[in-house]
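The residues making up each chain are set out below.
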Amino acid sequence: MNRRFILKLTGAAGLTALIAGCTPMMTSEPDIVDIAASAGQFTTLVAAVQAAGLVDTLKSDGPFTVFAPTDAAFAALPAGTVETLLRPENRDQLVSILTYHVVPGAVTSDQLAGQRLAVATVQGQNVHVDGRHGVRVNDSTVIQADIIASNGVIHVIDKVLLPR
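The sections below set out a description of the structure shown in this document. Predicted model, so just to flag it, every value in this text is computed and none were measured.

### Some words on helix 3 (residues 43–52)
Along helix 3, the residues that are buried comprise Thr44, Leu45, Val46, Ala48, Val49 and Ala52. Turning to helix 3, the residues buried within the fold contact helix 2 (32–39), helix 4 (55–59), strand 1 (64–69), helix 5 (71–75), helix 6 (81–85) and helix 7 (91–99). One or two residues past the end of helix 3 sits Gly53, with phi positive at roughly 75°.

As structure tokens, then:
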């Protein structure tokens with residue numbers, strides 16, 4: 001009887017250790033891509049990130065700040081623009097546009113408040129950020145700020161940013 005009890009106890013301890021070992025993965029914060037994919041308002045952005053081959057980059061450690069256009073922002077582009085950009089032959093242009101929405105580092109809205117800045121993007125060009133009355137990035141407005149991800153920050157914007 002003692003032997004069965006010890007076997008059950010050992011099995012339970014092993015199962016507990018296995019569950020404990022998995023717990024950090026199950027409770028870790030979602031990354032930028034996970035949040036965008038689950039939000040429901042970034043389906044076009046997520047499709048574009050996939051078509052551009054940037055998923056692994058935006059799932060990496062970062063940190064990154066992403067100015068994320070909504071589906072409505074993409075819909076406001078001239079007819080056929082999104083479809084054209086998603087074609088494999090236009091991948092370089094799509095990568096350029098998407099990386100223009102990403103800034104190295106995690107920048108929250110309180111760091112932008114009251115300031116006018118030219119901020120270098122991952123694409124290489126600057127975006128102009130005006131944090132004096134809300135936050136504007138070029139000619140877009142941040143409509144939801146500071147969505148914290150495990151590898152950075154997302155700020156939802158109402159227009160697609162186009163490199164000059």
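### Remarks on the sheet that holds strand 3 (residues 116–120)
Read from one edge of the open sheet, seven strands run 2-1-7-6-5-4-3, paired in mixed fashion. Across the chains shown, the open sheet's two edge strands, defined by having one partner strand only, are strand 2 (102–104) and strand 3. Contacts from helix 2 reach strand 1, strand 6 (140–149) and strand 7 (152–157) within the one sheet, and its direction differs from that of strand 6 by about 120°.

### Section: the side chain of Thr108
Of note, Thr108 is situated in the loop between strand 2 and helix 8 (109–112). Engagement of the side chain of Thr108 in a polar contact is seen with the side chain of Asp110, the distance being 2.3 Å. With residues up to four places along the chain from it excluded, the contact list for Thr108 reads Asp146, Ile148, Val153 and His155.

What counts as what
Residues numbered from 1 in each chain as written. Predicted model: local features only at pLDDT ≥ 70, side-chain atom pairs only at ≥ 80, totals over all residues. Heavy atoms only, no water. Buried < 20%, exposed > 50% of the residue type's maximum accessible area, 1.4 Å probe, protein only. Helix = DSSP H or I, 4+ residues; strand = E, 2+ residues; numbered from the N terminus. Contact = heavy atoms within 4.5 Å. Pairing = 2+ DSSP bridges. Axes fitted to C-alpha atoms, helices over the stretch in contact; angles between N-to-C directions. Polar contact = N/O pair within 3.5 Å; in protein donor to acceptor, adjacent residues only side chain to side chain.

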